[in-house]
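Observations on the model geometry
Letter by letter, the chains look like this.
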Amino acid sequence: MTNTPPVCNYEGSDYQQSFWEQGGRAYEDLAEAIALKRMLPKSGKLMLELGAGAGRNTPRYAGFERIVVLDYSTTQLAQAQERLGRSDKYIYVAADVYRLPFKNGLFDAATMIRVLHHMADAPKALAQIKSTLQPGAIFILEFANKLNLKAILRYWFGKQSWSPFTLEPVEFVKLNFDFHPKAIRQWLGGLGFSIEKMLTVSHFRLGLLKRIIPAKLLAAVDGIFQPTGALVQFTPSVFVKAALPGSADSAAPASIIDLFKCPDCGHGNLLLKEDHLACASCGAKWSVRDGIHDFREQVK
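This report concerns the structure included in the present document. Each chain carries its own residue numbering, running from 1 in the written order of its sequence. Where totals are concerned, whole chains, interfaces and linings use all residues; where local detail is concerned, this predicted model gives features only for residues with pLDDT of at least 70, and gives and counts side-chain atom pairs only at 80 or more. The side-chain values count all of the structure's non-hydrogen atoms but skip hydrogen atoms and water molecules.

Examining the side chain of Asn57
Within the fold, Asn57 resides in the loop between strand E1 (44-50) and strand E2 (64-71). Burial classification: accessible surface area is computed with a 1.4 Å probe over protein chains only, and a residue below 20% of its type maximum counts as buried, one above 50% as exposed, and the rest as partly exposed. According to the relative accessible area criterion, Asn57 is buried, its value standing at 4%. Pairs of N or O atoms are called polar contacts if they sit within 3.5 Å, as long as, within protein, a hydrogen donor faces a hydrogen acceptor (for residues adjacent in sequence, only side-chain-to-side-chain pairs). Among the polar contacts made by the side chain of Asn57, one reaches the side chain of Arg60 at a distance of 2.5 Å. Contacts were defined at the residue level, with two residues in contact if any of their heavy atoms lie within 4.5 Å. With near-sequence residues (within four places) excluded, Asn57 lies in contact with Glu32, Leu36, Glu49 and Ile113. A run of DSSP states H or I qualifies as a helix once it reaches four residues; a run of E qualifies as a strand once it reaches two. Both are numbered from the N-terminal end.

Here it is, written out as structure tokens:
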């Protein structure tokens, strides 16, 4: 197995409950829902949701026939199962974004929301995602914006040492990165994506405003300002809708096993056993337990 950058692991975390349900972030959740609705295709065959966590956004992708719900944490995926249920519509996968276990050119859409900020090597992660997408596929990416207004003011008044105007990422907490919008555009462009839309989100991420204004109203006003992202990006969160050239020329695989390749050797012939998938080329074994396909580490 090749060395890959470190992964931020939410295994055993109560992130969904502590951060979203009890963390006073109803406004952010509703504002993100507005942005996703503006960017998502109305329908599709096979969606890849990267960093799905406990499935907070997954119901918003209802127009897709099947959704691969991917996270590094199996406990997060178990929570997603509780929320979404087990059905043919959802395929639960535990995997490292730097070593995605999917054959090339499978998905007609992918999303990565509140995940890129954990990527120590964002270009490598984006390249992995691009390889899984069909021609004409849509990729919706959210990233934490280095060039946000708060960071600019703090820099001007000498409250922070790093400049929000330079293109390199800033790691403000271990494995938590902010990115410059221009750098994101350059990385996506270098991979062959065209930028179709940029939206600025969470314009009013201030504790006082969230306490005195109802979340639905604050999110609705946020939605009014989101299209300004086509011109300038000064909010803490930015959504990008990117597309690959061409048009889809293949149908989604009929069988789940036809989605996968071995993340170690890249071979696409995996054999379904009682409790694991086995690579016919290198002999690697990947666990299948409680409805979760686990490609993080081989099983013996």
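Here we look at empty space enclosed by the protein
Here a cavity denotes a set of grid points, spaced 1 Å apart and computed over the protein atoms alone, in which a 1.4 Å probe fits but from which it cannot get out, and a pocket denotes an open set meeting protein on both sides within 12 Å along at least five of seven lines; residues with an atom within 4 Å of a point are reported as lining. Grid points are joined across faces, edges and corners, and a volume is the space filled by probe spheres set on the points. This structure, assessed with the given rule, holds 1 cavity of 30 Å³ or more. One number sums up the size of the largest cavity: a volume of about 460 Å³. What lines the largest cavity is a set of 31 residues, among which Gly51, Ala52, Asp71, Arg114 and Val115 lie closest to the centre. The set of elements that each furnish at least two residues to the lining of the largest cavity consists of helix H1 (15-21), E1 and E2. Sorting elements by how many residues they give to the lining of the largest cavity places H1 first, with 3 residues. Any residue that is not Ala, Val, Leu, Ile, Met, Phe, Trp, Tyr, Cys, Pro, Asp, Glu, Lys or Arg is counted as polar, Gly included; the first ten are nonpolar and the last four charged. When the residues that make up the lining of the largest cavity are grouped by side-chain class, the tally is 17 nonpolar, 9 polar and 5 charged.

Side note on the pattern of salt bridges
Salt bridges are defined as contacts in which a side-chain nitrogen from Lys or Arg sits within 4 Å of a carboxyl oxygen from Asp or Glu. Counting across every chain of the model gives 12 salt bridges. Residues Glu28 and Arg205 are paired through a salt bridge, measuring 3.9 Å at the closest nitrogen-oxygen approach. Here Glu28 is found in helix H2 (residues 26-39), whereas its partner Arg205 is found in the loop between strand E8 (194-201) and helix H7 (207-212), with 177 residues between them in sequence. On the basis of relative accessibility, which here comes to 2%, the residue Glu28 falls in the buried class. For Arg205, a relative accessible area of 33% gives the class partly exposed. Measuring nitrogen to oxygen at the nearest pair gives 2.7 Å for the salt bridge that ties Asp29 to Arg56. Within this pair, whereas Asp29 is found in helix H2, its partner Arg56 is found in the loop between E1 and E2, the two being separated by 27 residues in sequence. Across this residue pair, the class does not change: Asp29 and Arg56 are buried. The network of salt bridges with shared partners includes Asp29, Glu32, Arg56, Arg60 and Arg114.

Points about the packing of aromatic side chains
We describe a pair of aromatic rings using the distance from one ring centre to the other and the angle between the two ring planes. The criterion for an aromatic pair is that two Phe, Tyr or Trp rings (for Trp, the six-membered ring) have centres within 6.5 Å, with stacked assigned to planes under 30 degrees apart, edge-to-face to planes over 60 apart and tilted to the rest. Inspection of every chain in the model, using the stated rule, returns 14 aromatic pairs. Look at Phe260 and Phe295: their rings are 4.9 Å apart centre to centre, the planes differ by 45 degrees, and that puts the pair in the tilted class. Pair noted here: Phe260 is in the loop between strand E9 (237-243) and strand E10 (270-272) and Phe295 is in the segment after strand E13 (292-294), with a separation of 35 residues, a long-range link. Comparing Phe260 with Phe295 shows no difference in burial state: the two are buried. The structure contains a cluster of three or more aromatic residues connected by ring pairs, namely Phe102, Phe107, Phe260, Trp286 and Phe295.

Examining unusual backbone geometry
Even without glycine at this site, Arg114 takes up a positive phi of about 55 degrees. In this fold, Arg114 is placed in the loop between strand E4 (107-112) and helix H4 (122-131). Owing to a relative accessible area of 17%, Arg114 belongs among the buried residues under this scheme. Phi is positive for Ser202, close to 65 degrees, though the residue is something other than glycine. Relative to the elements of secondary structure, Ser202 occurs in the loop between E8 and H7.

Some points on the layout of surface pockets
Its volume calculated, the largest pocket comes out at about 1000 Å³. Asn148, Lys150, Asp178, Arg205 and Pro236 are the residues nearest the centre of the largest pocket, which is lined by 32 residues in total. Those elements giving two or more residues to the lining of the largest pocket turn out to be H1, strand E5 (133-144), helix H5 (149-156) and strand E7 (176-178). It is H5 that contributes the most residues to the lining of the largest pocket, 5 residues altogether. In terms of residue class, the lining of the largest pocket is built from 12 nonpolar, 11 polar and 9 charged.

Looking at H4
Of the residues making up H4, those classed as buried are Ala122, Ala125, Leu126 and Ile129. Summarising the axial view, the buried residues of H4 lie within an arc of 95 degrees, below the 170-degree limit, and thus occupy one face. Structurally, H4 contributes buried residues whose contacts are with E1, E4, E5 and helix H6 (181-190). The N-terminus of H4 is capped by Asp121, whose side-chain oxygen sits 3.2 Å from the backbone nitrogen of Lys124. Starting at the helix axis, one direction is taken to each C-beta atom, and the arc is that of these directions.

On their own, these measurements won't tell you what the molecule is for.
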